[in-house]
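Single-letter residue listing:
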Amino acid sequence: MSLAGRRVLVSAGPTYEDIDPVRFLGNRSSGKMGFAVAAAAAARGAQVVLVAGPVHLPTPPGVARVDVRSAAQMHAAVLDALPADVYVGAAAVADYTPRTVAARKLKKRPGADTLALELVRTADILADVAAHPRRPRLVVGFAAETDELEHYARDKLVRKRVDLIAANRVGSADCPFERDDNTLHVFAADGAWTLGPAPKREVAEALLDLIARRLEADPAT
Ligand code: C5P
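Residues numbered from 1 in each chain as written. Predicted model: local features only at pLDDT ≥ 70, side-chain atom pairs only at ≥ 80, totals over all residues. Heavy atoms only, no water.

**Student:** I tried to follow the overall build of the chain on my own but got confused; where do I start?
**Tutor:** Each helix and strand counted, the chain has 5 helices and 12 strands in total. Relative to the 2.2 N^0.38 estimate, which gives 17 Å for 221 residues, the radius of gyration of the chain is 18 Å and therefore close to what a compact globule would have. The principal-axis extent of the C-alpha atoms belonging to the chain is close to 65 × 35 × 30 Å. Put simply, the chain has 221 residues, and 46% of those count as buried. For the chain, the accessible area works out to roughly 11,300 Å², and carbon and sulfur atoms hold 51% of it. Averaging the locations of the 29 positively and 27 negatively charged side chains of the chain gives two centres separated by 5 Å. (Helix = DSSP H or I, 4+ residues; strand = E, 2+ residues; numbered from the N terminus. Rg over C-alpha atoms; globule rule 2.2 N^0.38 Å. Buried < 20%, exposed > 50% of the residue type's maximum accessible area, 1.4 Å probe, protein only. Areas by Shrake-Rupley, 256 points an atom, 1.4 Å probe, with all protein chains shown as cover. Lys, Arg positive; Asp, Glu negative; His and termini not counted. Charge placed at Lys NZ, Arg CZ, Asp CG, Glu CD.)

**Student:** How should the site of the ligand be read in this particular structure?
**Tutor:** Neighbouring residues of the ligand: 14 residues in total, closest Gly89, Ala91, Leu126, Phe142 and Lys156. Isoleucine 125 places a main-chain nitrogen or oxygen 3.0 Å from a nitrogen atom of the ligand. Phenylalanine 142 has a polar backbone atom sitting 2.8 Å from an oxygen atom of the ligand. Here the ligand has 450 Å² of accessible area as a free molecule, and 86% of this is covered by the chains. (Near = heavy atom within 4 Å. Polar contact = N/O pair within 3.5 Å; in protein donor to acceptor, adjacent residues only side chain to side chain.)

**Student:** Explain the pairing of strand β10 (residues 164–169) here, please?
**Tutor:** Along a regular strand, successive side chains alternate from one face of the sheet to the other. With respect to burial, β10 is a largely interior element, 5 of its 6 residues being buried. In the sheet, strand β9 (residues 138–145) pairs with β10 via 6 bridges, with the strands oriented parallel. Across the sheet, valine 140 pairs through a bridge with leucine 164, a residue of β10. Two strands pair when backbone bridges link them, and β10 and strand β11 (residues 181–188) are joined in this way by 3 bridges, in the antiparallel orientation. By the bridge assignment, isoleucine 165 is partnered in β11 with phenylalanine 187. (Pairing = 2+ DSSP bridges.)

**Student:** Can you walk me through the side chain of lysine 160 in this structure?
**Tutor:** In this structure, lysine 160 sits in the loop between α4 (149–159) and β10. Under the relative-accessibility criterion, lysine 160 is labelled buried at 16%. Contact partners of lysine 160, with chain neighbours within four places excluded, come to Asp124, Leu126, Ala127 and Ala130. (Contact = heavy atoms within 4.5 Å.)

**Student:** Where do I start with the pairing of strand β12 (residues 191–199) in this structure?
**Tutor:** The pairing of β11 with β12 spans 7 bridges and is antiparallel. Each bridged residue has a counterpart across the sheet, and for aspartate 181 the counterpart in β12 is proline 199.

**Student:** Help me understand α4, please; the structure alone is not making it clear to me.
**Tutor:** Residues three or four positions apart in an α-helix share a direction because the helix packs 3.6 residues into each turn. Among all positions in α4, only Leu149, Ala153, Lys156 and Leu157 are buried. Along the long axis of α4, the arc covered by the buried residues comes to 105 degrees, so they all point the same way. Exposed residues lying more than 90 degrees from the buried face of α4 are Val158 and Arg159. Those residues of α4 hidden inside the fold are in contact with β9, β10 and β11. (Arc of directions from axis to C-beta.)

**Student:** Any chance you could explain the pattern of salt bridges here in plain terms?
**Tutor:** It is possible for side chains bearing opposite charge to pair when their charged atoms get close. Across all of its chains, the model carries 13 salt bridges by this definition. Across the salt bridge formed by aspartate 163 and arginine 135, the nearest N and O atoms sit 3.2 Å from each other. Taken as a pair, aspartate 163 in the loop between α4 and β10 and arginine 135 in the loop between α3 (125–130) and β9 lie far apart in primary sequence, 28 residues in all. Aspartate 163 sits in the partly exposed class, given a relative accessible area of 23%. Connected through shared salt-bridge partners, Arg44, Arg201, Glu205 and Asp209 make up one network. (Salt bridge = Lys/Arg side-chain N within 4 Å of Asp/Glu carboxyl O.)

**Student:** Mind showing me how you'd approach the packing of helix α1 (residues 32–43) against helix α5 (residues 200–217) here?
**Tutor:** When two helices pack together, their arrangement is given by the angle between the helix axes and the distance between those axes. Interaxial distance between α1 and α5 falls to 8 Å at its minimum, and their mutual angle equals 60 degrees. By the angle between their directions, the pair α1 and α5 is classed as oblique. With respect to the hand of their crossing, α1 and α5 are arranged in right-handed fashion. Of α5, the residues touching α1 (which contributes Lys32, Met33, Ala36, Val37, Ala39, Ala40, Ala41 and Ala43) are Lys200, Arg201, Val203, Ala204, Glu205, Leu207 and Leu208. Of the residues contributing to the contact of α1 with α5, the split by class is 11 nonpolar, no polar and 4 charged. (Axes fitted to C-alpha atoms, helices over the stretch in contact; angles between N-to-C directions. Parallel < 35°, antiparallel > 145°, perpendicular 65-115°, else oblique. Left-handed = near helix turned anticlockwise from the far one by under 90°. Nonpolar A, V, L, I, M, F, W, Y, C, P; charged D, E, K, R; others polar.)

**Student:** For this particular structure, what's the right way to read the sheet that holds strand β6 (residues 86–89)?
**Tutor:** One key point about sheets: their strands pair by backbone hydrogen bonds, in either a parallel or an antiparallel sense. An order of β5-β4-β1-β6-β9-β10-β11-β12 is seen for the 8 strands of this open sheet, with the pairing classed as mixed. The sheet is open, and its two edges are formed by β5 (63–67) and β12, each paired on a single side. Direction aside, the axes of adjacent strands within the sheet are offset by 20 degrees on average. Where strand β1 (residues 7–12) and strand β4 (residues 47–52) come together, 6 bridges link them in parallel fashion. In the strand pairing of β4, arginine 7 is matched with glutamine 47. Its contacts with the sheet put α5 on β6, β9, β10, β11 and β12, and the angle it makes with β12 is roughly 150 degrees.

Structure representation (structure tokens):
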């Protein structure tokens with residue numbers, strides 16, 4: 001199903017939250033799922049902006065890429081890229097960031113066996129896009145859960161006011177981090193779908209089929 005003429009905004013990868021000039025808090029997201037969504041959307045004719053955290057992946061053909069590092073930078077870059085018809089928030093955004101970034105490398109303190117870092121909440125990009133005056137017609141979030149997948153996914157759907165949540169089971173045999181294949185459990189107010197197990201590009205195509213169908217079914221688009 002074509003996405004010609006649609007503007008698709010995707011965020012992908014981890015964020016790095018700096019502690020000092022050499023250390024950061026990160027996570028194991030490879031960015032592959034979001035990059036696959038961006039590549040597949042561009043191949044369907046969409047105008048794609050991909051906001052990427054620090055990953056080692058080539059830019060898919062036809063995709064405009066904006067590289068960022070921190071959750072705050074990703075937040076600004078995503079909101080700057082609006083308007084869009086679709087936002088797919090596939091990034092693993094840090095929920096907390098150090099209150100302050102030390103200007104110099106933190107040194108071991110003689111006699112101190114522990115070190116406390118004070119963290120503050122980051123802004124929720126997905127929720128802010130969903131509540132934005134220029135809200136895309138379709139806002140799609142991702143979720144990584146170890147248990148009660150459907151319960152937490154449906155909670156996110158309502159709480160963050162998004163249209164679709166694509167949930168991954170993590171911490172089990174089918175943990176998707178750093179892998180090339182994936183299973184997505186997708187939830188909407190009016191249904192649920194299982195996409196895969198399949199290579200991430202195939203899962204991305206199935207997700208875009210769902211997205212394209214919903215755009216076409218919505219008379220306002
Ligand atoms: O609630 P949770 O963080 O598990 O929700 C995951 C979804 O929210 C993902 O789509 C992720 O990209 C998005 N998110 C975000 N900004 C945050 C935290 C999560 O956009 N600060």
